[in-house]
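Observations on the model geometry
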Amino acid sequence: MSHPRSRRAVAPGTRVLITGAAGGFGAPTVQRLREQGAKVVGLDRVAGDGIVACDITDEAAVDSAVATAVEQLGGLDAVVHYAGIGTPNDAGGPLEPDAMKVIDTNLLGAWRVTAAALPALMAGRADRDGAKGRVVFVSSELAYLTLPFVSAYSVAKRGMAAYADALRLEYGTELHVSTVYPGYVRTPIHDAGREVGLALEGQVRREEVEDIVGTVVRALAAPRPPRDTAGTRAGQLELWAGRHIPTIVGSGVVRRLRTQAATGHFDSSPVAAGLVRRLTGRDVPAVVQEPAPSTERSTS
C-alpha cells in the first residue's frame, strides 16, 4: 500500500538542484516542485528547459555545472540525487567497463555533485533564517536486498547510503540528510537489463513513480525530514527486514533463484549461464533466443 499523498509543500522560492532531472523520477519531481513555487535547476546528460548538461563522472564538468545552476538559482537550499544507470553485471566478472561505470555514475557522481554544492548549501543558511540545507539521496531497495546480476548497482546504492550517513555525521550541523529507498518502479533505468534478458519486472515488489516523487517532496518539505525512508509502507517493512534479518531474507532469495534457474527463467541471458550451471549443474544452450522486442520501459 502506498503512503497517502502528502499535502505538505516546499516553501515558495525554495532553490533546488536535481540530478537526473530529465529521467523517470527527476522530470515529475521538477514539475511538482515548480508547481509548488520552488525554483529548480536540473543536471542531466543533455541540456533542456531548466536543465544544465553535465556528465557527473567528470569532476570538472560537475564543478562547472553546479556553479552554473547555483548562479541561475541565486543560491541553493536543497539537492536531490536521482541520476543513475542500471547496467547488469556478473559479480565475478571484470570491473571494466560496466561495473565501474555503474559505480562511478551512481555513487561517485552523487559524491561529486554533493561536494561541489556544499559551499552554496551552507552559505544559503543566511537566506533561510538559519535553517539547514537539505540533501536527499535516492538509493534503492537493492542496497539491502541482494539479487543476481546487479552487484555493481547494489554496491553503488549501499555505498550511497553509507555516504549519506557520513555526510550527516560530519555536516549535520548544517544539513538535513535523507535517504530514500525505492522498490521496483517501471522507469527507463531497467531497459539495459531487459535487453539482455535480465529484467527485474516480477522479481521485486512494484511501486509507482508517484510513491517516490511524493516521498522525496515530503523529505524536502518536512520540518523534521526522515533519515531513512522507503516509498511505501510495504517498502518500510522490507527495509527493516533487509537490515535486521538479512540471513532469512537471503535464504529466501536463494531458494527462489534455484527454482528459477531449474525451470529456465534465465536461459535467455548468456550473462546468467554460469549461475545456472553453479546452481543446477545444467548447461544453458550456447545459442539462446533473443528477448522479444518491447516498448515497455521498466525500473528499481
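Being a predicted model, the structure only gives us computed values, none of them experimental. Note that residues are indexed from 1 along each chain, following the sequence as it is written. Only residues with pLDDT of at least 70 get local features here, since the model is predicted, and only at 80 or more are side-chain atom pairs given and counted; chain-wide, interface and lining totals rely on the full set of residues. Each side-chain value is worked out from all heavy atoms of the structure, with water and hydrogens disregarded.

Points about the side chain of Arg134
For Arg134, the location among the structural elements is in strand S5 (residues 133-138). Each residue is assigned to one of three classes by its accessible area relative to the maximum for its type, calculated with a 1.4 Å probe on protein chains only: buried under 20%, partly exposed between the two thresholds, exposed over 50%. The convention is simple: Lys and Arg are positive, Asp and Glu are negative, and His and the chain ends are not counted. By convention in these notes, a salt bridge is any Lys or Arg side-chain nitrogen within 4 Å of a carboxyl oxygen on Asp or Glu. The buried charged residue Arg134 lacks any salt bridge partner; its closest oppositely charged side chain belongs to Asp77, at an N-O distance of 8.9 Å. Among all residues touching Arg134, those that are not within four sequence positions of it are Asp77, Ala78, Val79, Leu121, His176, Ala219, Leu220, Ala221, Ala222, Pro223 and Pro225. Secondary structure elements follow DSSP: runs of H or I no shorter than four residues count as helices, runs of E no shorter than two count as strands, and numbering proceeds from the N terminus. Only heavy atoms enter the contact rule, under which two residues are in contact if any of them lie within 4.5 Å.

Regarding the sheet that holds strand S9 (residues 228-230)
Across a sheet, strands are paired by hydrogen bonds formed along the backbone, either parallel or antiparallel in direction. Strand pairing is assigned whenever DSSP detects at least two bridges linking the two strands. The sheet built from seven strands is open, its strands ordered S3-S2-S1-S4-S5-S6-S9 with parallel pairing. Sheet topology places strand S3 (51-53) and S9 at the edges, where each strand pairs with a single neighbour. Strand after strand, the sheet turns through a mean of 20° between neighbouring axes, direction not considered. Lying on the sheet, helix H7 (residues 233-244) is in contact with strand S6 (175-181) and S9; it crosses S9 at an angle near 125°. Axes, fitted as lines to C-alpha atoms, cover a helix only where it is in contact. Angles between the N-to-C directions of the axes lie from 0 to 180 degrees.

Some thoughts on helix H3 (residues 98-123)
Here the expected length of a helix is defined as 1.5 Å per residue gap, with one fewer gap than residues. Between its first and last C-alpha atoms H3 spans 37 Å; for 26 residues at 1.5 Å apiece the expected length is 38 Å, and the two agree. Considering bend angle alone, the principal kink of H3 is centred on Ala117 and spans about 45°; proline Pro119 follows within four residues of it. In this analysis the local bend is the angle between axes fitted, respectively, to the seven residues ending at and the seven residues starting at the residue.

Points about the nonpolar core
The set of buried Ala, Val, Leu, Ile, Met, Phe, Trp, Tyr and Cys residues whose side-chain atoms join them within 4.5 Å is what this entry labels a nonpolar core. In this structure, Leu17, Leu43, Val66, Leu76, Val113, Phe137 and Leu167 are the most contacted members of the largest nonpolar core, which totals 56 residues. Contributions of two or more residues to this core are made by strand S2 (39-44), helix H2 (59-73), H3, S5, helix H4 (151-171), S6, helix H8 (246-262) and helix H9 (273-280). Residue contributions to this core peak at ten residues, all from H3. When neighbours within four sequence positions are excluded, Phe137 is seen to be in contact with His81, Ala110, Thr114, Met160, Tyr163, Ala164, Leu167, Val177, Ser178, Thr179 and Val180.

Describing the packing of helix H1 (residues 26-35) against helix H6 (residues 209-221)
At their nearest, the axes of H1 and H6 sit 10 Å apart, and the two run at 45° to each other. The angle between H1 and H6 places the two elements in the oblique class. In this structure, the crossing between H1 and H6 has a hand that is right-handed. Contacts between H1 and H6 involve Pro28, Thr29, Arg32 and Leu33 from the former and Val209, Glu210, Val213, Gly214, Val216, Val217 and Leu220 from the latter. Under the scheme applied here, ten amino acids are nonpolar (Ala, Val, Leu, Ile, Met, Phe, Trp, Tyr, Cys and Pro), four are charged (Asp, Glu, Lys and Arg), and all others, including Gly, are polar. Considered class by class, the residues forming the contact of H1 with H6 number seven nonpolar, two polar and two charged. Geometric relationships in this document are graded by angle, where less than 35 degrees denotes roughly parallel, more than 145 denotes roughly antiparallel, 65 to 115 denotes roughly perpendicular, and other angles denote oblique. What makes a crossing left-handed is the near helix being turned counterclockwise from the far one by less than a right angle; a clockwise turn instead makes it right-handed.

Considerations on the pairing of S2
Most of S2 sits out of view: five of its six residues are buried. The pairing of strand S1 (residues 15-19) with S2 spans five bridges and is parallel. Counted as the bridge partner of Ile18 is Gly42 from S2. Between the parallel elements S1 and S2, the chain passes through H1 in a crossover that is right-handed. Think of it like this: strands point away, you trace from the first strand over the helix to the second, and a clockwise trace means the crossover is right-handed.

Examining the pattern of salt bridges
Counted by the stated rule, this structure contains eleven salt bridges. Among the ionic pairs, Asp165 bridges to Arg168, the shortest N-O distance being 2.8 Å. Note that Asp165 and Arg168 are positioned in helix H4 at a spacing of three residues, about one turn of the helix. Take Arg168: its relative accessible area is 16%, and that puts it in the buried class. As a salt-bridge pair, Asp228 and Arg243 come within 3.6 Å of each other at their nearest N and O atoms. In this pair, Asp228 is assigned in strand S9 and Arg243 in helix H7, connecting sequence segments 15 residues apart. Judged by its relative accessible area of 43%, Arg243 falls in the partly exposed class. Residues participating in the shared-partner salt-bridge network are Asp165, Arg168, Arg227, Asp228 and Arg243.

Overview of the packing of aromatic side chains
Centres within 6.5 Å are what make two rings of Phe, Tyr or Trp a pair, Trp counting through its six-membered ring; a difference in plane orientation under 30 degrees is then read as stacked, over 60 as edge-to-face, and the rest as tilted. Tallied over the full model, the rule gives four aromatic pairs. Seen in terms of ring centroids, Phe25 and Tyr82 are 5.7 Å apart; in terms of plane orientation they differ by 35°. Their pairing is tilted. Linking Phe25 in the loop between S1 and H1 with Tyr82 in the loop between strand S4 (78-81) and H3, this pair joins segments that are 57 residues apart in sequence. Between Phe137 and Tyr163, the ring centres sit 5.7 Å apart and the planes meet at 85°, which makes this aromatic pair edge-to-face. Of this pair, Phe137 sits in strand S5 while Tyr163 sits in helix H4; the two residues are 26 residues apart in sequence, bridging distant segments of the chain. Accessibility classification places Phe137 together with Tyr163 in one group, the buried group. One aromatic cluster is present, formed by Trp111, Phe137 and Tyr163 through successive ring pairs.

Remarks on the confidence of the model for the protein
One confidence number per residue, pLDDT, is output by the predictor and ranges from 0 to 100. Per-residue confidence for the protein gives a mean pLDDT of 86; residues scoring 70 or more make up 86%. Throughout residues 1-6 the model reports pLDDT below 50, and contacts reaching past four residues in sequence, or to other chains, amount to 18 contacts. Ignoring residues within four places in sequence, the model shows residues 287-300, a span with pLDDT below 50, making 45 contacts including any to other chains.

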